[in-house]
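# Coordinates in review
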Amino acid sequence: MTVSVEVAAVRDFLAECTPFDELSDDQLTLAASRVQIAYYRAGESAGILDYANPCLFVVRSGAFEVRNNEGQLLDRVEPGGYFGYPSLLTGDEITNRAVVIEDGLVYQIDAETFQQLRTVSRSFDRFFNQAHAKRLRHAVRFREQNYQLTRRVGDLPAHEPVTARPDQTVSEIAALMTVERVSSVMVVDEDGQLCGLVTDRDLRARVVAAKRGSDTTLAEIMTIDLTSISAESLVFEALLLMTEHNIHHLPVTAEGKPVSMLTTTDLVKAQKTDPVFLIGEIGHQDTVEGLQQVARDIPELLRSLIRAEASADQIGRLLTTVTDALTRQLLKQALAKLGEPPVPFAWLAFGSQGRRDQTAISDQDNGLLISDAVTRGDDEYFLALARYVNDGLNTCGYMYCPGDIMASTDDWRQPLVGWKKQFLRWINQPSSKALMHASIFFDMRCVFGDEKLFKQLQQTVCEAARGNEIFLANLTANALKLTPPMGFFKHFVLEHSGEHKNTLDVKLRGIMPLNDIARIYALSMGSEQVHTLERLQEAVDRKLLTLKDARNLTDAHEFISRLRLEHQGEQLREGQKPDNHLNPSSLSSLSRHQLRDAFAVVTHAQAALRLKFTHGLM
């Protein structure tokens, strides 16, 4: 059949899109010949979906969002994606609306042609039914918010803010707290802006224990360096903040003014979910054996999060929060046994714990940063501290690091000056070993101890790496050695022999390259961010990445990470040791297609990385 140039171009594009690639040549030509082409500008929302004549929209270029009549986001659609199909499948009236995020070209296929293609192609029909089912599951979860960690802080029962002025006395405030039956008051300035917080504990520790008078003003005892959260934030984020900062009262604010007070008791009462109770139980254990018992529930936590369809990012953050809590409790136990440290220190987490993206299998990557005031005789104390924590983590299921990257190893238990020299050596003399370490050590975070000490190290590293062309070029060249496992004709490249025959390592060949990309952009900016998705967002803010590229990388990271977690969850369910080796034949055809797309995103981003950073090697 002879077709026009325009129809041929449409047909060629559709032939690259699932499920059109399952159609015969005649069916594909029919679809292409009936396509209507439309162009929409960013910001448009009216007139895209024709409520009288529903049709399938195939995005040729640009980006679109699908939102329901309440404005809630249901889907984001980019080139090769679809919207408009739910009403074609169900016959219901159109209730959603499409919003143009980036100027876009779309192919519109009328209802008659769509139904004809469903009739002649079972795979075509199945694809859109599966897509519709997934959209419905997402919408139901969003509306009902039946998974507590995706609830908003503003959805929880709120305590009306009890406020006071800085010049009021502790006697007045103690009476107020008694009448109001609250354990804290928020201190506000003349403009009603939150400027401090006073709790029951402050009254005991800063007034009674310090033998201050009842006429002491709040300004003298209130906590000024506050952590707060907005009502629009997720309960999940509130949990992270309270755990990370070891606080029990979290002010909820709007434009700097207090709205309500969130307490740990509120979270426990409101959620009744495994993560909260698990973290709470960790805080009550005063022995390694007690922590080991609690840690046995972590695999079930992972499975429950997967069943609840939490995002891979949420799961990674939550699992890391549990690891952080275990680490802090072990450190507290060690300090109780060993006594006060001779000088300040900071416990550092590297690698996946540093990035907050841990999974079912995580070994230890940690170090001890000690004040430069340390003496040679003090090392006996810090070695005992490190061994207690490393041994305790191993007992709780976090295996000793195969490469000995642990605080109990002399090289990774250093004063500030030693750590600075080590990082500067890696940056200024990027040997193969230094580049290998970069994927672990440059993702670092302070889990416990002197935050200011850690900040000094972090600032030194960020300043030395920022704009260092030779270091970044070598780091990029090393990162590009890990490529997605794709061959010609979009075939997966699998292991040919051994224990993991016919599988691909989604961590090594998918997630690690994504982490590498984000890390290189972050180091080039001198950024202090360590979480992969936050690094990508900052790269967008700094104009190093386009919003579209960052979204593609974020989606690829989420999809590959999700597949990995589901694979590990299934292995745990069957009593197997979890790993990162996925057999593509176990996936649906749709998931295999999406995995190929995710790998293609990584390949494209690596090519851009090569052009941007490897000129330092020329």
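Residues numbered from 1 in each chain as written. Predicted model: local features only at pLDDT ≥ 70, side-chain atom pairs only at ≥ 80, totals over all residues. Heavy atoms only, no water.

Regarding its fold elements, the protein chain presents 24 helices and 17 strands. Computed over C-alpha atoms, the radius of gyration of the protein chain comes to 28 Å, within 12% of the 25 Å expected from 2.2 N^0.38 for 618 residues, which places it in the range of a compact globule. Of all 618 residues assigned to the protein chain, the portion counted as buried reaches 51%. Sequence-distant contacts in the protein chain: of pairs separated by 6 or more residues, those separated by 24 or more amount to 71%. Within the protein chain, one finds 66 positive and 81 negative side-chain charges whose respective centroids are separated by 3 Å. (Helix = DSSP H or I, 4+ residues; strand = E, 2+ residues; numbered from the N terminus. Rg over C-alpha atoms; globule rule 2.2 N^0.38 Å. Buried < 20%, exposed > 50% of the residue type's maximum accessible area, 1.4 Å probe, protein only. Contact = heavy atoms within 4.5 Å. Lys, Arg positive; Asp, Glu negative; His and termini not counted. Charge placed at Lys NZ, Arg CZ, Asp CG, Glu CD.)

A word on the pattern of salt bridges. A side chain of one charge can pair with a side chain of the opposite charge when the charged atoms of the two come close. Under the definition given, this model contains 24 salt bridges. Notably, a salt bridge pairs Glu534 with Arg317, separated by 2.8 Å at the nearest N-O pair. Taken as a pair, Glu534 in helix α22 (residues 532-541) and Arg317 in helix α14 (residues 312-338) lie far apart in primary sequence, 217 residues in all. Between Asp516 and Arg519 there is a salt bridge, and its shortest N-O distance comes to 2.7 Å. With Asp516 and Arg519 both in helix α21 (residues 506-525), this residue pair falls three residues apart, about one helical turn. Across this residue pair, the class does not change: Asp516 and Arg519 are buried. Among the charged side chains, a network of salt bridges with common partners joins Arg355, Asp357, Asp443, Asp516, Arg519 and Arg535. (Salt bridge = Lys/Arg side-chain N within 4 Å of Asp/Glu carboxyl O.)

A few words on the sheet that holds strand β15 (residues 445-449). Taken in spatial order, the four strands make up an open sheet running β14-β13-β12-β15, and their pairing is mixed. Looking along the sheet, the strands with just one partner apiece sit at the ends: β14 (413-415) and β15. Each strand of the sheet is rotated relative to its neighbour by a mean of 30°, with strand direction disregarded. Summarising the sheet, strand β13 (residues 366-370) and β14 pair through three bridges and their orientation is parallel. Across the sheet, residue Leu368 finds its bridge partner in β14, namely Arg413. The sheet contacts of helix α17 (residues 416-428) involve β13 and β14, and relative to β14 the element is tilted by about 105°. (Pairing = 2+ DSSP bridges. Axes fitted to C-alpha atoms, helices over the stretch in contact; angles between N-to-C directions.)

Let us now look at the sheet that holds strand β10 (residues 249-254). Strand order across the open sheet formed by three strands is β9-β10-β11, with mixed pairing between neighbours. Because the sheet does not close on itself, it has two edges, and the strands there are β9 (229-230) and β11 (257-263). Both β9 and β10 contribute to a ladder of two bridges, which runs parallel. Within β10, the residue paired with Ser230 across the bridge is Thr253.

Our focus in this paragraph is the pairing of β13. Within β13, five of the five residues are buried, leaving the element largely enclosed by the surrounding structure. Neither face of β13 is exposed, since Asn366, Leu368 and Ile370 on one face and Gly367 and Leu369 on the opposite face are all buried. Relative to β13, strand β12 (residues 345-349) runs antiparallel, the two being bridged by five bridges. For Phe345, the partnering residue across the bridge sits in β13 and is Ile370. Crossover handedness for the path β13 to helix α16 (residues 379-395) to β14: right-handed. (Right-handed = clockwise from strand over helix to strand, strands pointing away.)

Once that is clear, we can look at unusual backbone geometry. The omega torsion of the bond from Thr18 to Pro19 falls at 10°, within 30 degrees of zero and hence cis. As for its placement among the helices and strands, Pro19 is situated in the loop between α1 (5-14) and α2 (25-33). Within the chain, Lys211 stands out as a residue other than glycine whose phi angle is a positive 60°. Along the chain, the position of Lys211 falls in the loop between α7 (200-208) and α8 (218-221). The backbone of Asn502 shows a phi angle near 65°, a positive value even though the residue is not glycine.

The next thing to look at is the packing of aromatic side chains. Counting across every chain of the model gives 30 aromatic pairs. A ring pair is formed by Phe57 and Phe83, whose centres lie 4.7 Å apart and whose planes are at 5°; its orientation type is stacked. Taken together, the residues span a long stretch of sequence, with Phe57 in strand β2 (residues 55-67) and Phe83 in strand β4 (residues 82-83) at a distance of 26 residues. Like Phe83, Phe57 is buried. When the ring of Tyr85 is compared with that of Phe128, the centres are 5.5 Å apart and the planes differ by 55°; the resulting orientation is tilted. Residue Tyr85 is found in helix α3 (residues 85-90), and its partner Phe128 is found in helix α5 (residues 122-144); the two are separated by 43 residues along the sequence. Counting every residue linked through ring pairs, the aromatic cluster contains Phe350, Trp412, Trp419, Phe423, Trp426, Phe441, Phe442 and Phe471. (Phe/Tyr/Trp six-rings, centres within 6.5 Å; stacked < 30°, edge-to-face > 60°.)

Across the protein chain, the average pLDDT comes to 87, with 92% of residues at 70 or higher. Residue range residues 139-147 is modelled with pLDDT below 50. Its contacts to residues more than four positions away, or to other chains, number 14 contacts. (pLDDT = per-residue confidence, 0-100.)

Within the span of helix α6 (residues 170-180), buried status applies to Val170, Ile173 and Met177. Here the buried residues of α6 occupy an arc of 60° about the axis, which is enough to place them on one side. In α6, those exposed residues whose orientation departs by more than 90 degrees from the buried face are Thr178 and Val179. Immediately downstream of α6, the backbone of Arg181 shows phi near 55°, a positive value. (Arc of directions from axis to C-beta.)

Below, the discussion takes up the packing of helix α23 (residues 547-573) against helix α24 (residues 589-613). Running from N to C, α23 and α24 point in directions that differ by 135°, and their axes come no closer than 9 Å. Of the possible angle classes, the one that applies to α23 and α24 is oblique. Viewed along their axes, α23 and α24 form a crossing whose handedness is left-handed. Contacts from Asp549, Asn552, Leu553, Ala556, Phe559, Ile560 and Leu563 in α23 reach Ser591, Gln594, Leu595, Ala598, Phe599, Val601, His604 and Ala605 in α24. For the contact of α23 with α24, the class distribution of residues is 10 nonpolar, four polar and one charged. (Parallel < 35°, antiparallel > 145°, perpendicular 65-115°, else oblique. Left-handed = near helix turned anticlockwise from the far one by under 90°. Nonpolar A, V, L, I, M, F, W, Y, C, P; charged D, E, K, R; others polar.)

Contact pair helix α13 (residues 298-307) / α23: the axes reach a minimum separation of 10 Å and the direction vectors enclose 125°. In terms of their interaxial angle, α13 and α23 are classed as oblique. For α13 against α23, the interelement crossing comes out left-handed. Note on element contacts: α23 touches α13 through Arg562, Leu565, Glu566, Gly569, Leu572 and Arg573, opposite Pro299, Leu302, Arg303 and Ile306. Taken together, the residues of the contact of α13 with α23 sort by class into five nonpolar, one polar and four charged.

If you trace the backbone, Asp450 turns up in the loop between β15 and α19 (451-465). With 103 residues separating them along the chain, Asp450 and Trp347 place their C-alpha atoms 8.4 Å apart. Dropping the residues within four chain positions of it, Asp450 is found in contact with Pro344, Phe345 and Ala346.

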